[in-house]
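Residue strings, one per chain:
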Amino acid sequence: MAFSIYDASAPVFLRTLNNLSALLDKALAQGFDEAALMEARLAPDMNPFPAQVRTAAFSARACVARLVGQDWPKTDDTEASFAELKATIALSIAYIESVPRDAFQGAEAREVVLKFPGGQHEFNGVDYLTGFALPNFFFHVTMTYALLRAAGVEIGKRDYLGPR
């Protein structure tokens, strides 16, 4: 069987979202101050910790939805605790798991339009996935990892990559 857009998206998102949830668990298990972590940011002009987790979770479920031509589950984006962040991650995992492989049929060529202040970007499915969605997703997962490491949470590359 050929490698498909499904193979390049859903399993990648699922594995990394599960790893992201486990990173939050490790921080709590090591006794870190949840309130302090919720305020953490790497630079004054960067989004804080909850926005990094939220955006990673959102970008994964929104990508899959855009690729298959569906709406995605919405959240109110007000997560104020690790439990709420983990629930947002779980929502994304559950949504992605609910989308069958065959729903991705034709996703390579599906038009994806992203609207931003000041304009919009238009992609086909492949270019959207590889040139925007995956890099954006991994940026926010990496920022979450970096914030936890900077706070002193004992995690490493194996935690980021997760079990095989």
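Below: a short report on this structure. Residue positions are given per chain, counting from 1 as you read along its sequence in written order. Whole-chain, interface and lining totals are the exception, using all residues; otherwise, since this is a predicted model, local features are given only for residues with pLDDT of at least 70 and side-chain atom pairs are given and counted only at 80 or more. Hydrogens are left out, water is left out, and the side-chain values use all remaining heavy atoms of the structure.

With that settled, the discussion passes to the environment of Tyr128. Here a helix means four or more residues in a row that DSSP labels H or I, a strand means two or more in a row labelled E, and each is numbered from the N terminus. Looking at the secondary structure, you find Tyr128 in helix H5 (residues 125-151). Buried, partly exposed and exposed residues are distinguished by accessible area as a fraction of the type maximum, computed with a 1.4 Å probe on protein chains only: under 20%, between the cut-offs, and over 50%, respectively. Residue classification places Tyr128 among the buried positions, given a relative accessible area of 1%. Remark: the alpha-carbon pair of Tyr128 and Asp77, spanning 51 residues in sequence, is separated by 24 Å.

Let us look at helix H3 (residues 49-68). Multiplying 1.5 Å by the helix residue count minus one yields the expected span of that helix. Taking 1.5 Å as the rise per residue, H3 with 20 residues should run 28 Å; its terminal C-alpha atoms sit 29 Å apart, in good agreement. Within H3, 17 of the 20 residues are buried, which leaves it mostly tucked inside the rest of the structure. The positive-phi residue at the C-terminal boundary of H3 is Gly69, with phi of around 75°.

Let's shift gears to the nonpolar core. Counting 49 residues, the largest nonpolar core has Phe13, Leu17, Phe49, Ile96 and Phe104 as the members making the most contacts within it. Counting residues per element, the ones that place at least two in this core are helix H1 (5-29), helix H2 (34-39), H3, helix H4 (82-98), strand S1 (111-116) and H5. Residue contacts follow a heavy-atom distance rule, with two residues in contact if any of their heavy atoms lie within 4.5 Å. With sequence-adjacent residues up to four places away left out, Phe13 is seen in contact with Ala60, Cys63, Val64, Ile96, Leu129, Leu134 and Phe137. We define the nonpolar core as a collection of buried residues of types Ala, Val, Leu, Ile, Met, Phe, Trp, Tyr and Cys that are connected through side-chain atoms lying within 4.5 Å of one another.

Before going further, it helps to examine the pairing of strand S2 (residues 119-124). The pairing of S1 with S2 spans six bridges and is antiparallel. Bridge pairing in S2 places Phe116 opposite Gly119. Pairing between two strands requires that DSSP report at least two bridges joining them. Adjacent in sequence and paired antiparallel, S1 and S2 are bridged by two residues, among which Gly118 carries a positive phi angle near 90°.

Here we take up the packing of H1 against H4. Helix axes are fitted to C-alpha atoms over the stretch in contact, other axes to C-alpha atoms as well, and angles between N-to-C directions run from 0 to 180 degrees. At a minimum axis distance of 10 Å, the contact between H1 and H4 shows a crossing angle of 165°. Taken as axis vectors, H1 and H4 run roughly antiparallel relative to one another. For H1 against H4, the interelement crossing comes out left-handed. Between H1 and H4, the residues in contact are Ala10, Phe13, Leu14, Leu17, Asn18, Leu20, Ser21, Leu24, Asp25, Ala27 and Leu28 and Phe82, Leu85, Lys86, Ile89, Ser92, Ile93, Ile96 and Glu97, respectively. For the contact of H1 with H4, the per-class residue count stands at 13 nonpolar, three polar and three charged. Any angle from 65 to 115 degrees is called roughly perpendicular, while one under 35 is roughly parallel, one over 145 is roughly antiparallel, and all others are oblique. Helix crossings get a hand from a simple test, with the near helix turned counterclockwise from the far one by less than a right angle marking a left-handed crossing and a clockwise turn marking a right-handed one. Amino acid classes used here: Ala, Val, Leu, Ile, Met, Phe, Trp, Tyr, Cys and Pro are nonpolar; Asp, Glu, Lys and Arg are charged; the rest, including Gly, are polar.

We now examine the side chain of Ser81. Within the secondary structure, Ser81 sits in the loop between H3 and H4. N or O atoms within 3.5 Å of each other form a polar contact, as long as, within protein, one can give a hydrogen and the other can take it, and as long as residues adjacent in sequence are counted only when both atoms are side-chain atoms. Only 3.1 Å separates the side chain of Ser81 from the backbone nitrogen of Glu84, close enough to count as a polar contact.

The next subject is the packing of aromatic side chains. In this description, a pair of aromatic rings is defined by centroid distance and the angle of the planes. Each Phe, Tyr or Trp ring, with Trp reduced to its six-membered ring, pairs with another whose centre is within 6.5 Å; inter-plane angles below 30 degrees give stacked pairs, above 60 give edge-to-face pairs, and intermediate values give tilted ones. Per the counting criterion, the structure on display carries 10 aromatic pairs. Residues Phe13 and Phe137 carry aromatic rings whose centres are separated by 4.9 Å and whose planes lie at 85° to one another, so their mutual orientation is edge-to-face. Placement of the pair is Phe13 in helix H1 and Phe137 in helix H5, with a sequence separation of 124 residues. Between Tyr128 and Phe132, the ring centres sit 6.1 Å apart and the planes meet at 20°, which makes this aromatic pair stacked. Residue Tyr128 and its partner Phe132 are both found in helix H5; the two are separated by four residues, about one turn of the helix.

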